[in-house]
Structure formats: C-alpha cells, structure tokens
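# Tertiary structure, described
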Amino acid sequence: MAEKLLDAQDVSVEFKIAGEYQKALHKVNLSINHGEVLALVGESGSGKSTFAMSVMGLHNPDQTKVTGSIKLNGNELIGLTERQFDQYRGVSVGMIFQDPLSSLNPLMKIGDQIAEAMTVHDKHTQQVSNRVLGLLDDVGIVDAKRVAQQYPHALSGGMRQRVMIAIALANEPDLIIADEPTTALDVTIQAQILDLIKEIQQKKNAGILLITHDLGVVAEMADTVAVMYAGQIVEKAGVEELFNHPKHPYTRSLLRADPSDVKPGETLYAIPGTVPALKDMDHNKDLFLQRVPWLDESVVNANVKDELQQVGDHHYVRGTAWQNFEFNDVTEGENQV
Amino acid sequence: MWRTILRRVLIMIPQLFLVSILIFMLAQLMPGDPFYGNLNPNSDPATIARMRHAAGLDQPLYQQYIHWIDRVFHGDLGTSYAVNKGWTVTRIIASRLWPTISMGIIAAILTYVFAISEALLSARHENKTIDRILMVWNTITSAVPSFVFYFLMMILFVYLIPIFPASGTGIDDSQSFTTSFFSNLRYAFLPAFTIALFSTNSIFQYLRSNLLDQQAQDYVRTARAKGVTIKDVFRKHILRNAFLPIASGIGYSITGVLGGAMFAETIFGYPGIGALFVQALTSRDYTVITAVMLLQGFLALLGGLLSDVISAWVDPRIRVK
C-alpha cells in the first residue's frame, strides 16, 4: 500500500501547568490516507484540538512537551524547529478553525489575508490577486472582486468560513485539518459548508482530519471515525461499522446522547459527569468508566492496556469493559439531563 | 466619513454652550472677586460699588453670562485684572501660546516614544526581568505626584549639573524667528522631557496589555497556520490591532498640548498657558481664568472629535459610509 498521508504514532502531549507537566494526550495512534476523511470525535476537553495543534506544531514550545512520532508524507514533524515548521504549515497542511470571525484579522482586507497565505511561502508568486479571486470563486463566493476588498466584519458567518477555507486551500495542501468547522455557524449554513469541504476534498483528493462533536457531521463526512476520551483513543472504525456496531461504552453513550434521534417529548440522554481535569487523568485506566455509576468498582479501577484490540474489520476498541456493558435504565434518573 | 465628521462638529456647538455655562458658573463660585485684595482697604464703599458697577459685577448672573458670551463671540475675552493688568486676555494668551505649543509637542512626542518602546519591550519579555522593572517603574511614576519628579529633575539638571536654564522661554522678539525658535527649544526641552519621562504610565499599561491580549487572539493562530513566522505575525498582525485603542487617545494628546501643563510650567518657571492659569487662579483673575478654561474646554471637545476621526480612519469596523 502507498505511503500514508498522516501517520501519528504514540503521540503524547504534556502541558506545563503551575510548574508541572500534565498529560493531555496519551499515546495516540492515528493515520490518514490520501483522500480519506477521518473524524476525531469526543466531547470538549477530550484532546481533539490538542492533537490537531500538535500536527500543526502550534503548541507553545515553552509550555508543551510533544513526544512520539507524527509523519506527514513520510516526513517526521516532531522535533522540527520553528523555522522548519513554518515552511510546511499552510503548504502541506491547511487548517480551518471553529470561529471564523475571531480567526480573521479584523483590520486586514479579505483578499490580503488570503494572499498572505501564498506570499508568505513564495515572495515571487505571480498573479497573486488573480489566484485570490480564483480561490474565492472555488469556495463559492459569488462577488469575489468586491469581497476581496472587504473587511471580515462586513461578511456573514458562512462567508467568513468560506474565506477561512480559501485560506486553508491557498497552497493546495495534502492534508486539511478542520477543527469544528461548523460549530459556530447557523444550522442552515452548516450543510453548505460541509458540502463545500466535501466537494473540495474530492476534487483535490486531500485527506481531512475533521474534529467535531457533532455525530451528524461525522455521518455525512467521514470515512473513518476515531473516538477520543481524556486524551486517548478508545475506539476506531469505519463510519458505518461504528454507527452500526459501536462497542466502547463511551461511543455507545455518545451515540445515545445524539439529539437527532430523539422524538418530541422524549427525554434526551445525557452522559453523567464531565471529562476529568488533566491532573486527575490516570491513563492506565479506562477513564470513561468513572462516569458510569452502575459499574462495579473493580471494573472501573481495572488497569487497561494502551493498545486497542481488533474486534472486527478495521474496528479497534480499547479495553474489555465493552463486552459486558449495558445501559442501566431501570432507574428513571439516569436519563434525565 | 465626511458626514460623520460634520455630524460630530454640529454636536460640538451645544456642547460648547454647556461648557461655557459651566465655566461661567464655576468662576462665579470662586470666593472673592477681581477687586479682592487689590483695593486700598480704606476705599469707601461707594467707590467699590462704582467700580463693581463699571465692571458689570452688580448685574444678575444670567445677564452677566449673556454679556460675557456675546463678547466672547466677538473675540473679546475681556481685560486682565491682575496677571497682566490692562492687557486684553487675547493678547496674554497669544503671548503664552507659542511656548506652550513648542513644549507640548515635544512632550507629547517623547511620551509616545517612551511609552511605546517600554510597552514593546515589556510585552516581548513578559514576566522577565526587564518587564518587571518597567512595571515597577510605571507603578512608581503613577503613584508619586508628578511635581515631585519635576523638582528632582530641576535640582538635577539645573542646579547640580547646570546644563539647562532655570526659567524663562528663551523667546526674544528682538531676535530673528530662527534664533528665537532654537533658543526656545533649549528652554522647552527639560520640562518636556521630564513630563514625558514620568507620564508614560497609562499608555504603557494599556499598550502592554493590548499587545499581550492580541497575541492570544484566534487570528494570530490563523496567521501562524498559514506559515507566517512569529516575528512577522507580530509585525503585520498584532501590532496594528494592539495600537488601535491607543490611536483614539492621540486626538486628546494633540489638543491637550495647547491646554498647557500647569505643574511643569510653574515648577520649571516656563511661562506658558498652564503657568498662566495657575497665576490667574491665585490672583483670582476672572477674565483670564474663564478664558483659559474656555480654551481648554474647547480643546477637550476638539480632542474628542479628532479621536473619533482617527479611530474611524484606522479601524474599518467604525468606518461609516
């Protein structure tokens, strides 16, 4: 098989908090092939964006320790100097962020912000302004010439996100990281932006790392899904396999808490508790089990290996707790928000 | 843009009237009157009454105000009772204006130069020694009254190391303009430099925290994700965003220059508008006091206007079509 586009092995990230390093990501293994869309799913605080930032090399080097290996097209990224990283950011990998308003410089014209993505890597780029207009065209902005002269505040949320996508695409990267690209947008705009990302991905055969907590987005976009909890991958599978045969208790809880299946009048399932604080994460255990109140303590506190076990075709799960896991719906209380 | 400016100018008219009424009332509230202390204690009451009548001081307040504002409109700010007895106020102010402007401009420029350099240095080395030193320095200069530093500088550079003149403006009307101009600079420099050195605090604090805030903004991350180096992100993105709020204060700084510096001018014996105001206050020279206050009120309003225009000019979000 051809070389993987992105290959992350045993990626751990530690943040220096109050003088001590605390682990936010523990031995994450993920890979993306050319043209593949990998969705990284999990609730807030599970480490999705931390992983994305490691791929971009955008952690503050003074306060972060990244270990393991991240290879992009076979080139190791961990250990690169700032200068080396600068040369591949925006070229081999483009990133789309969550909030398109705050992610654009309020004092810079749209056209200039897109142009910068190109000129920063090649000062002698020819016909920059034409290429800017072309990019704006590509992302579905009708009045490209006028929009290029405008400032971010004059655009709608959807338009701004289109601009962000244009910036990410400026140098035709092989990998696009989309960090919750639709979370800050109106529901009506979300579908348009997703369609756009999908269309571009297929046209350019780019790989996408899609970070989201919206399972609807996952179902529409992803080829493969990785579920992350407390800085660890707990389950990995093809999108259909994962939706049809979820194994890990966390995956099953997430799917159960998806509001799109709830009929009017029905109580929405909510996972009790929250992701533990970094200092409370013991990565030798399956940390999600702490949030399942009906489980036996011996199960919750059992040591679990880092490696995932294969349970099906391209389907991997962490630990064994899933084998005997059932929702405890005897008491009404568990279901309440 | 022009409509915004026009609207702002029109708003200034009622504001100016309000300011003038306020100033007039405040002047009235001061104890005593222009004759207080200037008269022979043995003058008979009839003489005093006659003089008060001649000056219009026995009329009802509103009439005095109308009379006064009418004359102000015709460019007549009255005659000084005490500071330069017999001179018209316009003439006094005119004679004080140039020293105030020359010193004020130097002071304003130096203040920004000092404050901006300090803030850039501080923000770049956040929490390092140099940052701490600058923070302490700016805390001291804002805590200690400025005149204390003025005396210290006076002692240092006029008495101990006498490289600057002790008082005066250096302006000599009998000399050519250029000679007078450069001679004035020598007199203006020490007070201007001193004011600037010790008044960086607010700009420094504001700019420093802006710089640090802006570094954490999302658009900085976007720029980094494009591959822009940290240095260029700072130069091309952060700086302009961080300076934006400072720009709106520049309007006030420009007009504030003309209002004079009361403490500095008095202590350095530099007779500008500020020193004039102090003299007028202590000798209860009503016409001069009201005139200077009117000038300063007008300048404050003009400063607000300038600041709005500058903000609209540098910030596309405020621009009105």
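Named according to an unreviewed UniProt entry, chain B is ABC transporter permease originating from Leuconostoc pseudomesenteroides. Quoted verbatim from the Sequence similarities (unreviewed entry) heading of the UniProt record, the comment on chain B is "Belongs to the binding-protein-dependent transport system permease family." Listed under Subcellular location (unreviewed entry) in UniProt, the entry text for chain B is "Cell membrane".

If you check an unreviewed UniProt entry, chain A appears there as ABC transporter ATP-binding protein from Leuconostoc pseudomesenteroides. Recorded in UniProt for chain A, the comment headed Subcellular location (unreviewed entry) runs: "Cell membrane". Its UniProt record, at the heading Sequence similarities (unreviewed entry), says of chain A: "Belongs to the ABC transporter superfamily."

Per the UniProt record, "domain: ABC transmembrane type-1" (unreviewed entry) is found at residues 97-307 of chain B. Regarding residues 97-307 of chain B, the helix share stands at 81% and the strand share at 0%, and the terminal C-alpha atoms are separated by 23 Å.

Residue and element names in this part refer to chain B. It is the contact of helix H4 (residues 89-124) with helix H13 (residues 286-314), at a shortest axis distance of 10 Å, that shows an interaxial angle of 55 degrees. By the angle between their directions, the pair H4 and H13 is classed as oblique. As H4 packs across H13, the resulting crossing turns out to be right-handed. Note on element contacts: H13 touches H4 through Thr287, Val288, Ala291 and Val292, opposite Val89, Ile92 and Ile93. Taken together, the residues that form the contact of H4 with H13 break down as 6 nonpolar, 1 polar and no charged.

Let us now look at the pattern of salt bridges. Applying the stated criterion across every chain yields a total of 18 salt bridges over all chains. Residue Arg89(A) is joined to Asp86(A) by a salt bridge in which the shortest nitrogen-to-oxygen separation is 2.7 Å. Asp308(B) serves as the salt-bridge partner of Arg8(B), at 2.6 Å between the closest nitrogen and oxygen. In this pair, Arg8(B) sits in helix H1 (residues 2-29) while Asp308(B) sits in helix H13, placing the two residues 300 residues apart along the sequence. For Arg8(B), a relative accessible area of 18% gives the class buried.

Moving on, we come to the UniProt feature "transmembrane region" (unreviewed entry) in chain B. All names here are of chain B. According to UniProt, the positions carrying the feature "transmembrane region" (unreviewed entry) are residues 9-30, 97-121, 133-164, 184-204, 242-268 and 288-314. Between the end C-alpha atoms of residues 133-164 the distance is 29 Å, and the span holds 81% helix and 0% strand. For residues 242-268, the helix share is 85%, the strand share is 0%, and the end-to-end C-alpha distance is 35 Å.

If you look at the interface, chain B gives 21 residues, while chain A gives 27 residues. Summed over both partners, the interface of chain B with chain A buries about 2100 Å², with 57% contributed by carbon and sulfur atoms. Sorting the residues of chain B by area buried against chain A places Arg221(B), Ala225(B) and Lys226(B) first, and these three jointly supply 29% of that buried surface. Remark: the boundary between chain B and chain A carries 3 salt bridges. A salt bridge links Arg224(B) to Glu82(A); the nearest nitrogen and oxygen atoms lie 2.6 Å apart. Run the count over chain B and chain A and you get 14 residue pairs in polar contact (both at pLDDT 80 or more). Among the elements that line the side of chain B that touches chain A, the one with the most residues is helix H9 (residues 218-226) of chain B, at 7 residues. Partitioning the side of chain B that touches chain A into residue classes produces 7 nonpolar, 5 polar and 9 charged.

Right, let's talk about the sheet that holds strand E4 (residues 64-72) of chain A for a bit. Residue and element names in this part refer to chain A. Taken in spatial order, the 4 strands make up an open sheet running E2-E1-E4-E5, and their pairing is antiparallel. Each end of this open sheet is capped by a strand with a single partner; those strands are strand E2 (20-32) and strand E5 (75-76). Bridging between strand E1 (residues 6-17) and E4 involves 8 bridges; their strand directions are antiparallel. Its bridge partner lying in E4, Ala8 is registered against Ile70.

Moving on: the environment of Val317(A). Residues and elements named next belong to chain A. One can find Val317 in strand E12 (residues 315-318). Residues Val317 and Ala226, 91 residues apart in the sequence, show an inter-C-alpha distance of 9.9 Å. Ignoring sequence-local partners within four residues, the contact set of Val317 consists of Val234, Glu235, Lys247, His248, Leu308, Gln309, Val311 and Trp322.

A complete count under the given rule lists 21 aromatic pairs over all chains for this structure. Pairing Phe114(B) with Phe193(B) gives two aromatic rings, centres 5.7 Å apart and planes at 90 degrees, and the pair type is edge-to-face. In this pair, Phe114(B) sits in helix H4 while Phe193(B) sits in helix H7 (residues 177-198), placing the two residues 79 residues apart along the sequence. Residue Phe193(B) is classed as partly exposed on the basis of its relative accessible area of 23%. Summarising the aromatic geometry, the rings of Phe149(B) and Phe198(B) are spaced 4.2 Å apart at their centres and angled 10 degrees between planes, so their arrangement reads as stacked. On the criterion of sequence distance, the pair formed by Phe149(B) in helix H6 (residues 146-160) and Phe198(B) in helix H7 is long-range, its members being 49 residues apart. Cluster of aromatic residues (ring-pair linked, three or more members): Tyr269(A), Trp294(A), Phe325(A) and Phe327(A). One residue, Arg91(B), lies across the ring of Trp87(B), its end atom 3.6 Å from the ring centre. Arg124(B) extends its terminal NZ or CZ atom over the ring of Phe234(B), reaching a point 4.8 Å from the ring centre.

Below, the discussion takes up the confidence of the model for chain A. Here chain A shows a mean pLDDT of 88. Residues at 70 or above account for 96%. Ignoring residues within four places in sequence, the model shows residues 330-337 of chain A, a span with pLDDT below 50, making 14 contacts including any to other chains.

The subject of this paragraph is the nonpolar core. All names here are of chain A. Within the largest apolar cluster, 72 residues are counted, with the highest numbers of intra-cluster contacts made by Phe51, Ile114 and Ile177. Per-element tally for this core: the top contributor is helix H6 (residues 157-169), with 7 residues. Apart from the residues within four sequence positions on either side, Phe51 is in contact with Ala8, Val11, Leu25, Val28, Leu30, Leu40 and Leu209. By size, the runner-up hydrophobic cluster in this structure holds 25 residues, among which are Val227, Ala237, Tyr269 and Ile271.

On to the side chain of Ser103(A), then. Among the secondary structure elements, Ser103(A) is positioned in the loop between strand E6 (93-96) and helix H3 (110-119). Taking the relative accessible area as the measure of exposure, Ser103(A) reaches 1% and is therefore buried. A distance of 2.7 Å separates a polar side-chain atom of Ser103(A) from the backbone oxygen of Asp99(A). Among residues more than four places away in sequence, those in contact with Ser103(A) are Phe97(A), Met164(A), Asp218(B), Tyr219(B), Arg221(B) and Thr222(B).

Every α-helix winds through 3.6 residues per turn, so residues three or four apart in the chain are directed the same way. For H6(A), spanning 13 residues, the distance from its first C-alpha to its last is 18 Å, which sits close to the expected 18 Å at 1.5 Å a residue. When you tally the buried positions in H6(A), you get 11 out of 13 residues, the bulk of the element. Of all the positions in H6(A), only Gly158(A), Arg160(A), Gln161(A), Arg162(A), Val163(A), Met164(A), Ile165(A), Ala166(A), Ile167(A), Ala168(A) and Leu169(A) are classed as buried. Elements that come into contact with the buried residues of H6(A) comprise E6, H3, helix H4 (128-138), strand E7 (175-179) and helix H7 (187-204) of chain A together with H9 of chain B.

The rules behind the values
- Residues numbered from 1 in each chain as written.
- Chains lettered and ligands numbered in written order.
- Predicted model: local features only at pLDDT ≥ 70, side-chain atom pairs only at ≥ 80, totals over all residues.
- Heavy atoms only, no water.
- UniProt positions renumbered as here; feature names shortened; annotations may be inferred.
- Helix = DSSP H or I, 4+ residues; strand = E, 2+ residues; numbered from the N terminus.
- Axes fitted to C-alpha atoms, helices over the stretch in contact; angles between N-to-C directions.
- Parallel < 35°, antiparallel > 145°, perpendicular 65-115°, else oblique.
- Left-handed = near helix turned anticlockwise from the far one by under 90°.
- Contact = heavy atoms within 4.5 Å.
- Nonpolar A, V, L, I, M, F, W, Y, C, P; charged D, E, K, R; others polar.
- Salt bridge = Lys/Arg side-chain N within 4 Å of Asp/Glu carboxyl O.
- Buried < 20%, exposed > 50% of the residue type's maximum accessible area, 1.4 Å probe, protein only.
- Buried area = accessible area lost by both parts, 1.4 Å probe.
- Polar contact = N/O pair within 3.5 Å; in protein donor to acceptor, adjacent residues only side chain to side chain.
- Pairing = 2+ DSSP bridges.
- Phe/Tyr/Trp six-rings, centres within 6.5 Å; stacked < 30°, edge-to-face > 60°.
- Lys NZ or Arg CZ within 6 Å of the ring centre and 35° of its normal.
- pLDDT = per-residue confidence, 0-100.
- Core = buried A, V, L, I, M, F, W, Y, C linked by side-chain atoms within 4.5 Å.
- Expected span 1.5 Å × (residues − 1).

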